[in-house]
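Overview (structure and organization)
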Amino acid sequence: MRSLAWVLLLGACRPEYGLVSNVDVDPAEVLPCGFTPVPDTDLRAYDCNPVFTGTDESWTDGLGAVAFRAQPLLGHALYQLWYTSPPKAGGGGWALGHAISANGVDWEPHPNNPLVVEDGGWDATSMDQLAVVWDARKQRYVLAYQGYRLDPVDSEFGMGVLTAPDAVSFTSPIGRYPVLDLSVVQNGKDYCWPLSLDWSPQGYKGLLAGHEVGDQRCQIYGFETGDISGPFQLTSQLVLPAGPEPYDKAGMASAAIVTPEEGPMLLFYVGFAAWVPVQENVVTPEGYSLNLATSSDGGRTWVKDPRNPLPIALQGEGPSHVAAQVVGPRVHLWVTADHPELG
């Protein structure tokens, strides 16, 4: 199915050009369409959603996973999008592309797409759950993703990492193997998949979905590392538990933490209600919804918003991925979902 990107706002390289301080861009003032308040929330949804449905490039038929980023460039916001092709029938065959936009709506794909092509390694079946950050200390982009190879005898599953000085020339800093092996129990937890990645001068922080051995609820845990190549400090304390609410009783599939200029920290996440089998020994989430939790103590404790799930229906299909970033006094929120009609 084809993934769609929707835009919502919450009020509140060795690149070719030099990066400057954060800029304040109000999309409502520069986009061709306006924003309409979403009832019973603090969100405003773009009136001309979806903003991205693909690029009609010959190497991809639809979209697999996506990652967004707004970056200051000479005093203006440059929007970047990384996206994968969906796995081919029978599994595998993914590739990674990149596109840029001056407004977050009109996208121009990179002429050298695809940038990375699956080569039969440990992640031969899938490159999913993308998250991209800019490491200002080492002047490079860092892309983290969920990779796996389904094999009747020897499956592999982990978090992969690629780095690039220019957002497109990605290579592995550790060789072709996962930076974090998710196929084995670590720190007493059985981890499901990476959820998010963030960078600060102190190092990297991120979120992982994981569960106690024997319990299939993929709840939110944290990790830290000074170097994205590891080793990782995996936290055993829950960041946010799954359930008992029905909208996330089976777990969380995507998450993004942001700290607005005012007010509490915000944790947007995609919860899911159940697991469904897709083949022998393989299950997938079902019943996605967009949800919010807040923290007033620096992220030590989180409280789920009583208005959950947020009423973002997306033509009847629940959102499968969320990305959030503070740009000026606003939170930019990108939501992706499979569209039942566009194929």
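Scroll up a little and you will see the structure.
A brief look at the structure comes next. (Residues numbered from 1 in each chain as written. Predicted model: local features only at pLDDT ≥ 70, side-chain atom pairs only at ≥ 80, totals over all residues. Heavy atoms only, no water.)

Quick notes on the sheet that holds strand β12 (residues 180-181)
The strand order across the open sheet built from four strands is β9-β10-β11-β12, with neighbouring strands paired in antiparallel fashion. Lying at the two open borders of the sheet, with one neighbouring strand each, are β9 (126-135) and β12. In terms of strand pairing, strand β10 (residues 140-149) meets strand β11 (residues 156-164) through nine bridges, oriented antiparallel. Bridge pairing in β11 links V142 to T163. (Pairing = 2+ DSSP bridges. Helix = DSSP H or I, 4+ residues; strand = E, 2+ residues; numbered from the N terminus.)

Here's the deal with the packing of aromatic side chains
Scanning all chains against the criterion turns up 15 aromatic pairs. Ring geometry for F68 and W334: centres 5.3 Å apart, planes at 0°, overall stacked. A residue pair is termed long-range when its members are at least 10 positions apart, and F68 in strand β4 (residues 66-73) and W334 in strand β22 (residues 330-338) qualify at 266 residues. For the pair F68 and W334, one class covers both residues: buried. Ring geometry for F223 and F232: centres 5.4 Å apart, planes at 70°, overall edge-to-face. Comparing F223 with F232, the two get one shared label, buried. Among the aromatic residues, those joined into a cluster by ring pairs are F52, W59, F68, Y83, W107 and W334. (Phe/Tyr/Trp six-rings, centres within 6.5 Å; stacked < 30°, edge-to-face > 60°. Buried < 20%, exposed > 50% of the residue type's maximum accessible area, 1.4 Å probe, protein only.)

Points about unusual backbone geometry
Residues N49 and P50 are joined by a peptide bond in cis, for which omega reads 0°. Within the secondary structure, P50 is located in the loop between β3 (43-46) and β4. In this structure, D56 is a non-glycine residue whose phi angle is positive, near 60°. One can find D56 in the loop between β3 and β4.

Here we look at the nonpolar core
If you look at the biggest cluster of nonpolar residues, it comprises 38 residues, and the most contacted ones within it are I220, L240, L267, F268, Y269 and L333. Sorting elements by how many residues they give to this core places strand β18 (residues 265-279) first, with seven residues. With sequence-adjacent residues up to four places away left out, L267 is seen in contact with L207, I220, L240, A255, A256, I257, N291, L292, A293 and W302. (Core = buried A, V, L, I, M, F, W, Y, C linked by side-chain atoms within 4.5 Å. Contact = heavy atoms within 4.5 Å.)

Digging into the pattern of salt bridges
In the structure shown here, the tally under the stated rule is eight salt bridges. The salt bridge partner of D227 is K138, with a shortest N-O separation of 3.9 Å. Taken as a pair, D227 in the loop between β15 (219-225) and β16 (233-234) and K138 in the loop between β9 and β10 lie far apart in primary sequence, 89 residues in all. The class for K138 is partly exposed, based on a relative accessible area of 45%. A salt bridge links R307 to D305; the nearest nitrogen and oxygen atoms lie 3.0 Å apart. (Salt bridge = Lys/Arg side-chain N within 4 Å of Asp/Glu carboxyl O.)

Examining the side chain of Q129
Counting through the fold element by element, Q129 comes out in strand β9. The buried category is assigned to Q129, whose relative accessible area is 12%. Within the structure, Q129 has its side chain in polar contact with the backbone oxygen of A253 (distance 2.4 Å). If we ignore the near neighbours within four places in the chain, the residues touching Q129 are A65, A144, Y145, Q146, W193, P194, A253, S254 and H321. (Polar contact = N/O pair within 3.5 Å; in protein donor to acceptor, adjacent residues only side chain to side chain.)

As for the pairing of strand β19 (residues 282-295)
Across 13 bridges, the pairing between β18 and β19 is antiparallel. Looking at the pairing, Y269 lines up with N291 of β19. Hairpin connection, β18 to β19: the antiparallel pair is bridged by two residues, and N281 has positive phi, about 65°. Pairing geometry for β19 and strand β20 (residues 303-304), over two bridges, is antiparallel. The residue bridging A293 from the neighbouring strand is K304, located in β20.

Some words on the environment of E108
Inspection of the secondary structure puts E108 in strand β7 (residues 108-109). As a C-alpha pair, E108 and L81 span 27 residues in sequence and 9.6 Å in three-dimensional space. Setting aside residues up to four positions removed in sequence, E108 forms contacts with H98, A99 and I100.

With respect to the state of the cysteines
Applying the stated rule across the entire model yields two disulfides. Each sulfur of the disulfide joining C33 and C48 lies 1.7 Å from the other. For the disulfide bridge between C33 and C48, the dihedral angle about the S-S bond is near -60°, and by the sign convention the bridge is left-handed. In this pair, C33 sits in the loop between α1 (27-30) and β2 (35-37) while C48 sits in the loop between β3 and β4, placing the two residues 15 residues apart along the sequence. For C48, a relative accessible area of 35% puts it in the partly exposed group. In this model, C192 is linked to C218 through a disulfide, with the two sulfur atoms separated by 2.0 Å. One disulfide, between C192 and C218, carries an S-S torsion of -90° and so falls in the left-handed class. (Disulfide = S-S within 2.5 Å.)

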